Amino acid sequence: MRKRIIAGNWKMNKSVTEAAELARAVVEGMKTATETEVVLCPPFTDLTAVAAVIQGTPVGLGAQNLHWEEKGAYTGEVSAAMLLSAGCTHVIIGHSERRQYFGETDESVNRKVKTALKAGLIPIVCVGETLAERQADETAAVVERQVRAALEGLTDAQVAGLVIAYEPVWAIGTGVVATTEQAQEVHAFIRALVGKLCSESVAAALRIQYGGSMKPDNAGQLLAQKDIDGGLIGGASLDARSFLDIVYA
Ligand code: PGA
């Protein structure tokens, strides 16, 4: 049985004070026990403040990016060791906004995944097609290319321990959500692909999140799908109530 994982990707939102407040509201709202793993992914500047709030709670902390090198002259970059020292357990890698606006490539995603795993961080690896790619019937080809590249050179045990987030780019921040059938179809495709690349048991253990306008009113249906093991939530994670409604969906 795969443990459901709901992560909030706060993107470039929240000051230090606002982040601590939001984290506190999430922690307080989680007084009812849940089997779901919950991870908050604030901007770098908010990590330590959120870490202090969630300390001693089951809530995990994720960063939104990292650099693949260990240290050195890389102005503006943040290393895996820095994330660990700030209290991170997880790190989002290859989000479509990073691919689209900041030159992230399949190759850099793979390097970052390896660095994160080596450091003991759980990568949340994002894949997904654009609208043009979906309309050109290239969804499977694009997702396959991204998954193969991201997992290149990893051991089966490493793959089993990471998280893949399927995020159709056309559904991110647009309010347009993939239908449950569209989402389930790609999730099943990714699981089958990992079955071929690794093994059936790795595929069975792998957790695959859906991301792209997941909200309290559609989360239940999406999360009920056989191959959807959680959500990577953007907009709806900026409000404690709506994020918690998804956690308890
Ligand atoms: P959204 O973002 O929920 O605002 O669509 C999801 C994501 O980019 O992770």
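Just so it is clear, the structure is predicted and the values come from calculations on it, not from any experiment.

Asks: Would you take a moment to explain the pairing of strand 5 (residues 122-127) for this structure?
Replies: Put simply, side chains in a regular strand alternate between the two faces of the sheet. Within strand 5, 5 of the 6 residues are buried, leaving the element largely enclosed by the surrounding structure. Strand direction decides the pairing type here: strand 5 and strand 6 (residues 163-166), joined by 4 bridges, are parallel. When the bridges of strand 6 are listed, Cys126 appears paired with Ala165.

Asks: Looking at this model, I keep getting lost on the packing of helix 1 (residues 16-29) against helix 2 (residues 47-54). Mind explaining?
Replies: To describe two helices that pack against each other, one gives the angle between their axes and the distance between the axes. Running from N to C, helix 1 and helix 2 point in directions that differ by 25°, and their axes come no closer than 9 Å. Taken together, the axis directions place helix 1 and helix 2 in an arrangement best described as roughly parallel. The way helix 1 lies across helix 2 gives a crossing that is right-handed. On helix 2, the residues touching Val16, Ala19, Ala20, Ala23, Arg24 and Val27 of helix 1 are Ala49, Val50, Val53 and Ile54. Of the residues in the contact of helix 1 with helix 2, the class split is 9 nonpolar, no polar and 1 charged.

Asks: Explain the site of the ligand to me, please; I cannot follow it from the model alone.
Replies: The immediate surroundings of the ligand are formed by 13 residues, with Lys11, His95, Glu167, Gly173 and Ser213 found nearest. Take Glu167: an N or O atom from its side chain is 2.7 Å from an oxygen atom of the ligand. Contact between the ligand and Gly235: an oxygen atom at 2.8 Å from a main-chain N or O atom of the residue. Isolated, the ligand exposes 280 Å² of accessible area, and the fraction of that covered by the protein chains is 97%.

Asks: Please clarify how unusual backbone geometry should be interpreted in this entry.
Replies: A negative phi holds for most residues other than glycine; trans holds for most peptide bonds. Residues other than glycine seldom take positive phi values, yet Lys11 does so here, at roughly 50°. For Ser213, which is not a glycine, the phi torsion comes out positive at approximately 55°. Along the chain, the position of Ser213 falls in the loop between strand 7 (207-211) and helix 11 (216-223).

Asks: Please explain the pattern of salt bridges as it appears in this structure.
Replies: Between side chains of opposite charge, a pair can form as their charged atoms come close. Under the counting rule described, the total for this entry stands at 14 salt bridges. The partner of Asp227 in a salt bridge is Arg191, with the nearest N and O atoms 2.6 Å apart. Separated by 36 residues along the polypeptide, Asp227 in the loop between helix 11 and strand 8 (230-233) and Arg191 in helix 9 (residues 180-197) bring together distant segments of the chain. On the basis of relative accessible area, Asp227 is assigned to the buried category, the value being 5%. One salt bridge in this structure joins Arg241 and Asp245, with 3.3 Å as the shortest N-O distance. Of this pair, Arg241 and Asp245 both sit in helix 12 (residues 240-247), 4 residues apart, which is roughly one turn of that helix.

Asks: Quick question: what am I supposed to make of helix 2 here?
Replies: In an α-helix, one full turn covers 3.6 residues, which means residues spaced three or four apart are oriented alike. In terms of burial, helix 2 is largely enclosed, as 6 of its 8 residues are buried. Along helix 2, the residues that are buried comprise Leu47, Ala49, Val50, Ala51, Val53 and Ile54. Taken together, the buried residues of helix 2 touch helix 1, strand 2 (37-41), strand 3 (60-63) and helix 3 (80-85). In the segment just after helix 2, Gly56 is the residue with positive phi, at about 80°.

Asks: Would you mind showing me how to read the sheet that holds strand 4 (residues 90-93) here?
Replies: One closed barrel accounts for 8 strands, arranged 1-2-3-4-5-6-7-8; its pairing is parallel. Sheet twist, expressed as the mean angle between neighbouring strand axes with direction ignored, is 25°. As judged from the 4 bridges shared by strand 1 (residues 5-9) and strand 8, these two strands associate in the parallel manner. By the bridge assignment, Ile6 is partnered in strand 8 with Gly231. Lying over the sheet, helix 2 contacts strand 2 and strand 3, oriented at roughly 170° with respect to strand 3. Against the sheet, helix 7 (residues 139-151) makes contact with strand 5 and strand 6, and its axis sits at roughly 155° relative to strand 5, the strand it touches most.

Asks: How should I be thinking about the layout of surface pockets in this particular structure?
Replies: In this approach the atoms are scanned with a rolling probe the size of a water molecule, which exposes any empty space left behind. Of the volumes computed, that of the largest pocket is approximately 480 Å³. Along its surface, the largest pocket is lined by 20 residues, and Lys11, Met12, Gln64, Arg98 and Phe102 are the ones closest to its centre.

Asks: I tried to follow helix 11 on my own but got confused; where do I start?
Replies: When helix 11 is considered as a whole, its buried residues turn out to be Asn218, Ala219, Leu222 and Leu223. Burial along helix 11 is one-sided: seen end-on, the buried residues are contained in an arc of 125°. Summarising the geometry of helix 11, the exposed residues directed more than 90 degrees from the buried face are Asp217 and Gln221.

The rules we used
Along each chain, numbering runs from 1 in the same order as the chain's sequence is written. In keeping with the predicted nature of the model, local features appear solely for residues at pLDDT of at least 70, side-chain atom pairs appear and are counted solely at 80 or more, and the whole-chain, interface and lining totals rest on all residues. Excluded from the side-chain calculations are hydrogens and water; all other atoms, namely the structure's heavy atoms, are used. Relative accessibility thresholds used throughout: buried, under 20% of the residue-type maximum; exposed, over 50%; partly exposed, between the two (1.4 Å probe, protein chains only). Helix and strand assignments come from DSSP, with helices taken as H or I runs of at least 4 residues and strands as E runs of at least 2, each series counted from the N terminus. A pair of strands is labelled paired if DSSP reports no fewer than 2 bridges between them. Angles shown run from 0 to 180 degrees and are taken between the N-to-C directions of axes, each axis being a line fitted to C-alpha atoms and, for helices, limited to the stretch in contact. What sets the label is the angle itself: under 35 degrees gives roughly parallel, over 145 gives roughly antiparallel, 65 to 115 gives roughly perpendicular, and the rest give oblique. For any helix crossing, the convention is left-handed if the near helix is rotated counterclockwise from the far helix by under a right angle, and right-handed if that rotation is clockwise. We call two residues contacting when some pair of their heavy atoms lies within 4.5 Å. Only Asp, Glu, Lys and Arg are considered charged in this grouping, and only Ala, Val, Leu, Ile, Met, Phe, Trp, Tyr, Cys and Pro are considered nonpolar; every other residue, Gly among them, is considered polar. Proximity is defined per residue: any heavy atom of the residue falling within 4 Å of a molecule or strand makes that residue near it. Under this definition, polar contacts are N or O atom pairs within 3.5 Å; protein pairs additionally need one hydrogen-donor-capable and one acceptor-capable atom, and for neighbouring residues in sequence, both atoms have to be side-chain atoms. Calculation of accessible area relied on Shrake-Rupley with a 1.4 Å probe; when residues are assessed, cover is drawn exclusively from the protein chains displayed. Should a side-chain nitrogen of Lys or Arg be within 4 Å of a carboxyl oxygen of Asp or Glu, the pair is scored as a salt bridge. Whether a set of points on the 1 Å grid over the protein atoms alone is a cavity depends on a 1.4 Å probe fitting there but being unable to get out, while an open set qualifies as a pocket with protein on both sides within 12 Å along at least five of seven lines; lining residues are those with an atom within 4 Å of a point. Grid points are joined across faces, edges and corners, and a volume is the space filled by probe spheres set on the points. Here the arc refers to the directions that run from the helix axis out to each C-beta atom.

Interpretation in functional terms is not warranted from these geometric data alone.
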